[in-house]
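What follows is the residue order along each chain.
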Amino acid sequence: MLTSLALFVIAYFWRLRTIENFFPRFGLYLCAAITTYALLIATVRRVRAYGQFPCMAGMMIGMTTGMVAGFLTSFYVGATNGLFVGSIFGMIAGVGLGVWSGSSCGVMGIMEGAMAGFMSGPMGAMTSVMLLNDHVQAMGVIVFLLGTIMLGGVNYMVFIEKKGQVWHKKDSHILTILLSVILTAATINLMAVGPRSNSCSCNRFSVNKIVP
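Rules used throughout
Residues numbered from 1 in each chain as written. Predicted model: local features only at pLDDT ≥ 70, side-chain atom pairs only at ≥ 80, totals over all residues. Heavy atoms only, no water. Helix = DSSP H or I, 4+ residues; strand = E, 2+ residues; numbered from the N terminus. Buried < 20%, exposed > 50% of the residue type's maximum accessible area, 1.4 Å probe, protein only. Contact = heavy atoms within 4.5 Å. Areas by Shrake-Rupley, 256 points an atom, 1.4 Å probe, with all protein chains shown as cover. Lys, Arg positive; Asp, Glu negative; His and termini not counted. Charge placed at Lys NZ, Arg CZ, Asp CG, Glu CD. Core = buried A, V, L, I, M, F, W, Y, C linked by side-chain atoms within 4.5 Å. Axes fitted to C-alpha atoms, helices over the stretch in contact; angles between N-to-C directions. Parallel < 35°, antiparallel > 145°, perpendicular 65-115°, else oblique. Left-handed = near helix turned anticlockwise from the far one by under 90°. Nonpolar A, V, L, I, M, F, W, Y, C, P; charged D, E, K, R; others polar. Polar contact = N/O pair within 3.5 Å; in protein donor to acceptor, adjacent residues only side chain to side chain. Phe/Tyr/Trp six-rings, centres within 6.5 Å; stacked < 30°, edge-to-face > 60°.

Where do I start with the overall build of the chain in this structure?
Along the backbone of the chain there are seven helices and zero strands. Secondary structure elements of the chain occur, N-terminal to C-terminal, as α-α-α-α-α-α-α. Taking the principal axes of its C-alpha atoms as reference, the chain extends roughly 55 × 35 × 25 Å. In the chain, buried positions account for 48% of the 212 residues. Here the contacts in the chain between residues at least 6 apart in sequence split such that 84% fall between residues at least 24 apart. Just so you have it, the chain exposes about 10400 Å², and 73% of that area is on carbon and sulfur atoms. Of the charged side chains in the chain, 13 are positive and 5 negative; the average position of the first set lies 10 Å away from that of the second.

Okay, here's the thing in structure tokens:
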């Protein structure tokens, strides 16, 4: 979280503050995205710390992580850049994190995480685009809260499954920082200067300072 916030502050004073109406257009979605990445990466780190899980538990971990990652990230980007860009970004994040966490139980978990990320990517972007003229920001808060609850459920399930067991391994903090930087930088870049469809909410504002 601190890494992502530091990157956002640097980007804001370097380039983003010159963008007209930056916070009304992107502020809510960027803050939600930064928090979502922190929760997702922390969940994956905890899952990986315990090593292998039974098949059913590992499949649930992969499915839930992939679904939350794909839906939330595609919702945020879809609301600012449109259906296509949001879907692609959501699928990349959902499949990547779903496979990474689902690998805790082997091929079944990997497949479950990949399918969840693949399906939730387009669904999140489609939901945000359909709600552009009907309280899309309110829905963004709702889906963020629901995703947070689901990730909390995953962490609780891991606690129950591995109660009393010690961690087998712990990922380096360098990997955590690198993932945070990559996800946050990609999101900021897409929202601020990335391609967007004519139907996205950003077109309600002037984009002269973004698109030459």
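Let's pick the thread back up.
Would you explain unusual backbone geometry in this entry?
Most peptide bonds adopt trans geometry, and most residues besides glycine take a negative phi value. One non-glycine residue, H135, lies in positive phi territory at about 60 degrees. Position of H135 relative to the elements: it lies in the loop between α5 (107-130) and α6 (136-161).

Hey, could you run me through the nonpolar core in this one?
Within the largest apolar cluster, 36 residues are counted, with the highest numbers of intra-cluster contacts made by F8, L16, F22, L30, Y76 and M191. For this core, the secondary-structure elements that each account for two or more residues are α1 (2-14), α2 (22-49), α3 (55-81), α4 (83-102), α6 and α7 (173-193). A total of 11 residues in this core trace back to one element, the largest contributor, which is α2. For F8, the contacting residues outside a window of four places in its chain are L16, F22, F23, L30, I34 and I188. Residues V47, Y50, A57 and V158 belong to the second largest nonpolar core, which totals seven residues.

Would you mind showing me how to read the environment of I177 here?
Among the secondary structure elements, I177 is positioned in helix α7. Classification of I177 by relative accessible area gives partly exposed; the value is 43%. C-alpha of I177 to C-alpha of G66: the two residues are 111 residues apart in sequence and 20 Å apart in space.

I would appreciate a short explanation of the packing of α1 against α2 in the present structure.
In a pair of packed helices, the angle between the axes and the distance between the axes together describe the arrangement. Axis separation between α1 and α2 bottoms out at 11 Å; the angle between their running directions is 160 degrees. Viewed along their axes, α1 and α2 adopt a mutual orientation that is roughly antiparallel. Like other packed secondary-structure pairs, α1 and α2 cross with a definite hand, here right-handed. Across the interface between the two elements, S4, L5, F8 and Y12 of α1 pack against F22, F23, L30 and I34 of α2. Classifying every residue of the contact of α1 with α2 gives seven nonpolar, one polar and no charged.

Could you clarify how one ought to interpret the side chain of S101 in this entry?
Among the secondary structure elements, S101 is positioned in helix α4. Reaching out from S101, the side chain makes a polar contact with the backbone oxygen of G98 at a distance of 3.3 Å. Dropping the residues within four chain positions of it, S101 is found in contact with V44, V47, I61, G62 and T65.

Help me understand the packing of aromatic side chains, please; the structure alone is not making it clear to me.
The geometry of two aromatic rings is summed up by the distance between their centres and the angle between their planes. All told, the structure shown has seven aromatic pairs when counted by the stated rule. Ring geometry for F75 versus Y76: centroids 6.4 Å apart, planes at 90 degrees, classification edge-to-face. The exposure class of F75 is buried, given its relative accessible area of 0%. Classification of Y76 as buried rests on a relative accessible area of 1%. Three or more aromatic residues joined by ring pairs make a cluster, and in this case those are F8, Y12, F13 and F23.

Before we go on, may I ask you to explain the side chain of T64 in this structure?
Tracing the backbone shows T64 in helix α3. Residue classification places T64 among the buried residues on the basis of a relative accessible area of 11%. With residues up to four places along the chain from it excluded, the contact list for T64 reads M150 and V154.

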